[in-house]
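# Fold and contact review
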Amino acid sequence: MLMTMDEGTASPAAQPDISKMSFEQALAALEQIVQQLERGDVPLDQSISLYERGEALRLACQQRLDAAQARIEKIVTGADGRAAGTRPFDAES
């Protein structure tokens, strides 16, 4: 049985590989870490490990969001107002 960080016994090796987690799983794990750190009842060594894992989760989530944003396409309308095609998402417009 895999124990969670809440139980205070999960080692980094026992935690799921971030690259295999869905965005939702990574975000939920990050939220759990933030809650643990905010409570302030975690020993210093474990707090450092939690912070490092949280930073890795934050980076993975940001990369997935950036990749999703790059895939968004904007519908281009023609002079008659009808959809004429698509173009890559442009954050500036």
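What counts and how
Residues numbered from 1 in each chain as written. Predicted model: local features only at pLDDT ≥ 70, side-chain atom pairs only at ≥ 80, totals over all residues. Heavy atoms only, no water. Helix = DSSP H or I, 4+ residues; strand = E, 2+ residues; numbered from the N terminus. Buried < 20%, exposed > 50% of the residue type's maximum accessible area, 1.4 Å probe, protein only. Contact = heavy atoms within 4.5 Å. Expected span 1.5 Å × (residues − 1). Salt bridge = Lys/Arg side-chain N within 4 Å of Asp/Glu carboxyl O. Core = buried A, V, L, I, M, F, W, Y, C linked by side-chain atoms within 4.5 Å. pLDDT = per-residue confidence, 0-100.

### What about the overall build of the protein chain?
The helix and strand inventory of the protein chain stands at two helices and two strands. Ordered by position from the N terminus, the helices and strands of the protein chain form the series α-α-β-β. Evaluated residue by residue, the protein chain yields a buried proportion of 20% over its 93 residues. Restricting the contact set of the protein chain to residue pairs at least 6 apart, pairs at least 24 apart contribute 45%.

### Some words on helix α1 (residues 23-39)
Between its terminal C-alpha atoms α1 stretches 24 Å, which fits the 24 Å expected from 17 residues at 1.5 Å a residue. The inward-facing, buried residues of α1 contact α2 (44-71). Positive phi appears at G40, one or two residues downstream of α1, with a value of about 75°.

### So, the pattern of salt bridges
On inspection of all chains with the given rule, the structure shows two salt bridges. Here D41 and R39 are joined by a salt bridge, their closest N and O atoms 3.5 Å apart. Among the salt bridges present, the one from R58 reaches E55, with a minimum N-O distance of 2.8 Å. Placement of both R58 and E55 in helix α2 is noted, with a separation of three residues, approximately one turn of the helix.

### Some points on the nonpolar core
In this structure, I18, M21, A26, A29, L30, I33, V42, L50, L57, A60 and C61 together form the largest nonpolar core, which totals 11 residues. When residues of this core are traced back to their parent elements, those giving at least two are α1 and α2. V42 has contacts with Q36, S47 and L50, leaving out every residue within four places of it along the chain.

### Quick look at the confidence of the model for the protein chain
The pLDDT averaged across the protein chain works out to 80; a share of 73% of its residues lies at or above 70. Here strand β1 (residues 73-77) is the element of the protein chain with the lowest mean pLDDT, 62, and α1 is the one with the highest, 96. Here residues 1-9 is modelled with pLDDT under 50, and outside its nearest four sequence neighbours on either side it reaches 15 contacts, counting other chains as well.

### Examining α2
End to end, α2 covers 41 Å across 28 residues, agreeing with the expected 40 Å (1.5 Å per residue, within 8%). Listing the buried residues of α2 in full gives Q46, S47, L50, R53, G54, L57, A60 and C61. If you follow the buried residues of α2, they end up packed against α1.

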